[in-house]
Amino acid sequence: MDAEEAKAKLLAVQKELGHEIRVFTNTTASGKPDDVSASATAQSQVLKTRKIREAEAAVRRARITKAVIRVRFPDNYVLEAKFQPAEKIQSLMDLLTKVVARPDLPFYIYTTPPKERIKDTSKDFYSAGFAPGAIVYFSYDRPKDSEYDNAVAKEGPYLRDDILLLNGLDLSAEQVDPVHPEQEPKPKPPEVASPLPDPKPAAKKPTKPKWLKR
C-alpha cells in the first residue's frame, strides 16, 4: 500500500481501538520507552518525612502524562500502545483482546526478569510502575502439553492480519521533504559601506590684488 493508504489504515485502526498504536519487529525495538530513573536513593528516602515524600511523588506523577506500553510477542512482533497513567492495566488486556489473532483463547502478560505474571489488572499504570513506559510479554494461557501449544502458540501469528500490515508505520514521525541545494536561497553578501571621499577644502574666491583696485 502507498503512503496515503497506509496512513489512512493506521488512523482507522487507532480509531477502532481508541488508542495510538504502533507495530514493529523486535529487531528494530529500542529499550524501555521513555523510562525515568529513580530520583532518590533508599537512604535519602528514609531521611525524608512522609509529607515531603508524598509531595515529591505528587510532583513526579503530575509530570508524567502518558504510559507507553510495548507488548512483545513470541514471534518477535511488538505492539506499542499509549495510555493515560491513570488507566487500568485491564485497558491493556481489553486492547489485546481486540488485536490478537485468537481472542477466543485465554492469555496473560508478564514481565521479566524474573518472569512474573501480571495478575492484578485493576492497578493503574502509574501505580504498577508502568509509567511513563514499560515492556511486557504476551503468552497464551494453554497447557504446555496441548496440541495447540506446539502449533500456533509457538509459531503464531499472534496479531490479526490487518494489524500486522501496520508493521513499520508511525504517524508520530512525520517526514519532511528535504530541501535541495539548488533550491536553497543563496545568502546575500554582507553590505560593506563604501568609504566616503575625503572632503575637499572649499575653493577660495579669487581676489584682485590691491594695486588693481581703483
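Check the entry above for the structure.
Note that the structure is a prediction, hence the values are computed from the model and not measured.

> Explanation requested: helix 1 (residues 3-17) in the structure shown.
One turn of the α-helix equals 3.6 residues, which is why residues spaced by three or four share an orientation. Compared with an ideal rise of 1.5 Å per residue, which puts 15 residues at 21 Å, helix 1 spans 21 Å between its outermost C-alpha atoms and is within 8% of the ideal. Considered for burial, the residues of helix 1 that qualify are A6, L10, V13, Q14 and L17. Taken end-on, helix 1 shows its buried residues confined to a sector of 100 degrees, consistent with a single buried face. Facing away from the buried side of helix 1 by over 90 degrees, the exposed positions are E4 and K15. Next to the buried residues of helix 1 lie strand 1 (21-25), helix 4 (89-99) and helix 7 (161-164).

> Would you mind showing me how to read the pattern of salt bridges here?
Where charged atoms from two side chains of opposite charge approach closely, those side chains can pair. All chains considered together, the criterion is met by eight salt bridges. With a shortest N-O distance of 3.3 Å, E16 and R160 are connected by a salt bridge. Remark: R160 occurs in the loop between helix 6 (152-155) and helix 7 and E16 occurs in helix 1; sequence separation between them is 144 residues. With relative accessibility at 45%, the residue E16 sits in the partly exposed group. Overall, R160 belongs to the buried group, its relative accessible area being 18%. Between D162 and R160 there is a salt bridge, and its shortest N-O distance comes to 2.6 Å. Residue D162 is classed as partly exposed on the basis of its relative accessible area of 22%. Beyond isolated ion pairs, a larger network of salt bridges with shared partners links K9, E16, R160 and D162.

> Just checking my understanding: could you explain the sheet that holds strand 6 (residues 133-140) for this structure?
Either a parallel or an antiparallel arrangement is found when strands of a sheet pair, and the pairing is made through backbone hydrogen bonds. Ordered in space as 1-3-2-6-4-5, the six strands form an open sheet in which the pairing is mixed. If you trace the sheet from one side to the other, it starts and ends with strand 1 and strand 5 (116-117), each paired once. Looking at chain direction, strand 1 and strand 3 (residues 77-83) are connected through five bridges and run antiparallel. When the sheet's bridge partners are listed, F24 is paired in strand 3 with V78.

Rules behind the numbers
Residues numbered from 1 in each chain as written. Predicted model: local features only at pLDDT ≥ 70, side-chain atom pairs only at ≥ 80, totals over all residues. Heavy atoms only, no water. Helix = DSSP H or I, 4+ residues; strand = E, 2+ residues; numbered from the N terminus. Expected span 1.5 Å × (residues − 1). Buried < 20%, exposed > 50% of the residue type's maximum accessible area, 1.4 Å probe, protein only. Arc of directions from axis to C-beta. Contact = heavy atoms within 4.5 Å. Salt bridge = Lys/Arg side-chain N within 4 Å of Asp/Glu carboxyl O. Pairing = 2+ DSSP bridges.

Remember that the coordinates give geometry; whether it matters functionally is a separate question.
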